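# Descriptive analysis of the structure
One-letter residues, chain by chain:
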Amino acid sequence: METEEQARNRFQSELEFIQCLANPNYLNFLAQRGFLRERPFINYLKYLLYWKEPEYAKFLKYPHCLHMLELLQYEHFRKELVNAQCAKFIDEQQLLHWQHYSRKRTRLQQALAEQQQQQPQQPPHGNAAAK
């Protein structure tokens, strides 16, 4: 039975590790060192799928790691990560996604602000104006 301190340390270690999976260069490192071919490591990646549950996912700073964790469940993806060009491509796609997301979010926020400015002020409810 693990103590509360051991559980906290395991939680922190797993949280750190799973977030590292969002880094394609780290995945390439793991693949080149052979970790992604080892059955115990593959089983560990499968075990980590519990992080997809909302009660754990809320602690993630880099939620993209969950997508990578899902892809790591597939042997073909794990094999492709040995190739540095694959990691570079994933890295570039992540950057493009984040850039697009940031621009789209900024445009949505601007549109919402403009919409709120254009709405006429509503008078307060009640009979205060009638008195």
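Residues numbered from 1 in each chain as written. Predicted model: local features only at pLDDT ≥ 70, side-chain atom pairs only at ≥ 80, totals over all residues. Heavy atoms only, no water.

For the chain, the name recorded in an unreviewed UniProt entry is Mediator of RNA polymerase II transcription subunit 31, with Scophthalmus maximus as its organism. What the UniProt record of the chain gives under Subcellular location (unreviewed entry) is the line "Nucleus". (UniProt positions renumbered as here; feature names shortened; annotations may be inferred.)

Further remarks concern helix α2 (residues 24-32). Considered for burial, the residues of α2 that qualify are Pro-24, Leu-27, Asn-28, Leu-30 and Ala-31. An end-on view of α2 places all buried positions within 160° of arc, on one side of the element. Between a side-chain oxygen at the N-terminus of α2 and the backbone nitrogen of Asn-25 the separation is 2.8 Å; the capping residue is Asn-23. Where α2 terminates, the next one or two residues include Gly-34, which has phi positive at roughly 90°. (Buried < 20%, exposed > 50% of the residue type's maximum accessible area, 1.4 Å probe, protein only. Helix = DSSP H or I, 4+ residues; strand = E, 2+ residues; numbered from the N terminus. Arc of directions from axis to C-beta. Polar contact = N/O pair within 3.5 Å; in protein donor to acceptor, adjacent residues only side chain to side chain.)

Before going further, it helps to spend a moment on the environment of Leu-30. Looking at where Leu-30 falls in the secondary structure, it is placed in helix α2. Linking Leu-30 and Arg-78, residues 48 residues apart in sequence, is a C-alpha distance of 9.4 Å. For Leu-30, the residues in contact, after removing those within four places along its chain, are Leu-21, Phe-35, Leu-36 and Phe-41. (Contact = heavy atoms within 4.5 Å.)

Turning to the pattern of salt bridges, a few remarks are in order. Evaluation of the coordinates by the stated rule reveals six salt bridges. For the salt bridge of Glu-4 with Arg-8, the shortest nitrogen-to-oxygen distance reads 3.9 Å. On the criterion of helical spacing, the pair formed by Glu-4 and Arg-8 is a turn pair, its members being four residues apart in helix α1 (residues 4-20). Ionic pairing is found between Glu-75 and Lys-79, a salt bridge with its closest N-O pair at 3.2 Å. One end of the pair is Glu-75 and the other is Lys-79, both in helix α6 (residues 75-80) and four residues apart, which spans about a single turn. Taken together, the shared-partner salt bridges connect Glu-2, Arg-10 and Glu-14 into one network. (Salt bridge = Lys/Arg side-chain N within 4 Å of Asp/Glu carboxyl O.)

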